[in-house]
Structure formats: C-alpha cells, structure tokens
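So the chains spell out like this:
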Amino acid sequence: MKAFVEALFVEMEQSLKEVSRETTNGLQKAERCCQVINVILIRLKEYMAGYTFRDQEEEIRFFKEYKPLLFKELIFYSELAYIEAKKPISKKEQMKSYYPHVLDQIQEFFVRNQQLYIYYQLGKSDQDSILFLRDSKPVSLIPDYSFDFDSTFSTVNSNKLAKIMACEALTDEIRKTLYKLEMRNDGDAGELSSHEWTDSKSALIELAYALHSRGAVNHGKSDVKAIITLMESLFNVQVGNFYRTFQSMRGRKKNRTIFLDSLKESLVKRMDDTDMGY
C-alpha cells in the first residue's frame, strides 16, 4: 500500500506542476488541479476497495497520513477556486479587505476543530487508535456530518485532518497574496513567483531547520516558521505541517539529513569537476 500511495502522490505533484506551468489564470488553475486530484483519489479508492490492512498500525497510517496528504490537495484547490471566483475584480483596496475576511472564516474552522488541530500541530500519536481507525468517533461533542459516507475509505477525523492541512495551506497562500498587495506595485506582482522549488517539500524543510540550527538568518533570531514562510514565498511552494515532517526526519533509520548530505556531495563534485577542467 505504501508504495502505491507514494507513487500516486509523486504523480499528482508532477501533474500539478504541469498545470502551474501551463496556466496563469488563478481560477482556471484551481479548477484544473481539482480535476487532476479527483482522478488520483478515484484510483486510490478503487485500490483500497480490494485491500486489507495488515494491522491497526497500517490502518492508522492510511487514515492519518496517506489519505489526508492527497485529500487535502483537493480541498485546497476547491476552496481556492471558490475564493478566486468571489474576489473583487481589479480593485486593490477591496481585495485588501476581502482576503482578511476569508482568513477569519478559516480561523473559525480551526476554532471549531481545536482539539484535533492541536493534536496534529504537536505531532502527537498517543490517541491515534481512538482517532484514526474506521470505527473512530468525531473529536467534537457537536454532531459532525461528512459528505463522504464510505466507511471503508473515510473516517470523520481523517477528513477533518485533511481539511485542517488544506486550511493551513490556504492561510499561507492568502498571506502571500496580501503581501504582494501590500509590498508590490501592480507591475511587480508576478515577481515573487518567478522561482519554483523543484525538489521535495521535505528537502526544503530540512534546509530551513539547518539554517535555523546554524543561526544563519538574522543571527538566529528568526524562528523556523519565519524562515519556512520566507522560503515558501520565494520558491512559490506550500510545505504544510513542517513540524510533523521534522519529527519524521528524526525517526529516519539510516540518514536523517538526506538532502543536506546530497547538497554537500553535489557541491564537492562540482568543485572537483571544475578543478579537472570539466
């Protein structure tokens, strides 16, 4: 299962990058991305219909990690399409008041799902068997109704976790848009997205943590979140819950600094090749 889901995720990311290169219109891009992700999710659902989990640990991993990673992209682009469709046209001051209102609505969702959000943010796992098995119950005492009623493919908390992840990405996207409105003239609006991060998101997170650990930004006074936000804006990417990814890095068996080691190897090879006149 792990190999199949990871292959789907790589395929999805590549397809989304192609859409980004081919489409500059925000609404069209969001709509096309939804189509791409929907096809991926259908394939995942068909695969899981004939799959039997080996144990509870694998079942938890699917509903806590694998499915939310894919499903959150569909929620993100679906919500982004709605936001793009409703935004004021061409009036900068109206847009500067529109986006904070959208952020307020997202914040309300976080408040309604505060317990699950905190659990996710802290990278906790002690309640996984309660939250992410197919017979799990909603965290909130308020009745929670999901549009996805297939109990073999969905759980309430898994879907909510996907939306939490999507809302985090939406928040970052909106803040970047507000930054462009505040700091750039109309003629410079596209400058921030001229560079694209083409390695993995975990690689960017690894680099950000290394810069923070070294104290390389603002003499160590900038926290990891600030560094990652800056890199997301510079390279036009959203990395999601970086704290959770960092915890996964710590648990790596063989090499906990894969990207940094590869950076060093690539640089040393370039120096050696230059010395040899290549």
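Residues numbered from 1 in each chain as written. Predicted model: local features only at pLDDT ≥ 70, side-chain atom pairs only at ≥ 80, totals over all residues. Heavy atoms only, no water.

### Focus: the overall build of the protein
In terms of helices and strands, the protein carries 11 helices and zero strands. Shown N-terminal to C-terminal, the secondary structure of the protein runs as helices and strands in the order α-α-α-α-α-α-α-α-α-α-α. For the protein, with 278 residues in total, the buried portion stands at 37%. Restricting the contact set of the protein to residue pairs at least 6 apart, pairs at least 24 apart contribute 70%. Entry remark: accessible area of the protein is about 16900 Å², with carbon and sulfur atoms responsible for 52%. (Helix = DSSP H or I, 4+ residues; strand = E, 2+ residues; numbered from the N terminus. Buried < 20%, exposed > 50% of the residue type's maximum accessible area, 1.4 Å probe, protein only. Contact = heavy atoms within 4.5 Å. Areas by Shrake-Rupley, 256 points an atom, 1.4 Å probe, with all protein chains shown as cover.)

### Here we look at the pattern of salt bridges
Under the counting rule described, the total for this entry stands at 12 salt bridges. The partner of Lys201 in a salt bridge is Glu73, with the nearest N and O atoms 3.8 Å apart. Here Glu73 lies in helix α3 (residues 56-86) and Lys201 lies in helix α8 (residues 201-214), a separation of 128 residues in the sequence. Here Lys201 falls in the partly exposed class, since its relative accessible area comes to 23%. Under the relative-accessibility criterion, Glu73 is labelled buried at 8%. (Salt bridge = Lys/Arg side-chain N within 4 Å of Asp/Glu carboxyl O.)

### Brief notes about the confidence of the model for the protein
Per-residue pLDDT for the protein averages 84, and the proportion of residues at 70 or more is 90%. Scored below 50 in pLDDT, residues 186-192 makes nine contacts in the model with residues more than four places away or belonging to other chains. (pLDDT = per-residue confidence, 0-100.)

### Overview of the packing of helix α1 (residues 2-22) against α3
Where α1 meets α3, the closest approach of the two axes is 9 Å, and the angle between their N-to-C directions is 25 degrees. When the axes of α1 and α3 are compared, the pair comes out roughly parallel. Both α1 and α3 take part in a crossing whose hand is left-handed. Across the interface between the two elements, Lys2, Val5, Phe9, Met12 and Leu16 from α1 touch Tyr66, Leu69, Leu70, Glu73 and Tyr77 from α3. Along the lines of polarity and charge, the residues of the contact of α1 with α3 split into eight nonpolar, no polar and two charged. (Axes fitted to C-alpha atoms, helices over the stretch in contact; angles between N-to-C directions. Parallel < 35°, antiparallel > 145°, perpendicular 65-115°, else oblique. Left-handed = near helix turned anticlockwise from the far one by under 90°. Nonpolar A, V, L, I, M, F, W, Y, C, P; charged D, E, K, R; others polar.)

### Things to note about unusual backbone geometry
If you check the backbone angles, Asn218 has positive phi at about 50 degrees while not being a glycine. For His219, which is not glycine, the phi dihedral falls at a positive 55 degrees. Locating His219 in the fold gives a position in the loop between α8 and α9 (224-235). Taking the relative accessible area as the measure of exposure, His219 reaches 78% and is therefore exposed.

### Looking at the nonpolar core
Counting 54 residues, the largest nonpolar core has Leu44, Phe62, Tyr77, Tyr99, Phe132 and Ile174 as the members making the most contacts within it. Contributing elements (two or more residues each) for this core: α1, α2 (26-49), α3, α4 (92-112), α5 (114-121) and α7 (156-183). Not counting the four nearest positions on each side in its chain, Leu44 is found in contact with Phe4, Val5, Leu8, Phe62, Lys67, Leu70 and Phe153. Ala203, Val224, Met231 and Met249 belong to the second-largest nonpolar core, a separate cluster that totals 16 residues. (Core = buried A, V, L, I, M, F, W, Y, C linked by side-chain atoms within 4.5 Å.)

### Some details on the side chain of Thr171
Positionally, Thr171 belongs in helix α7. Ignoring sequence-local partners within four residues, the contact set of Thr171 consists of Leu103, Ile106 and Phe110.

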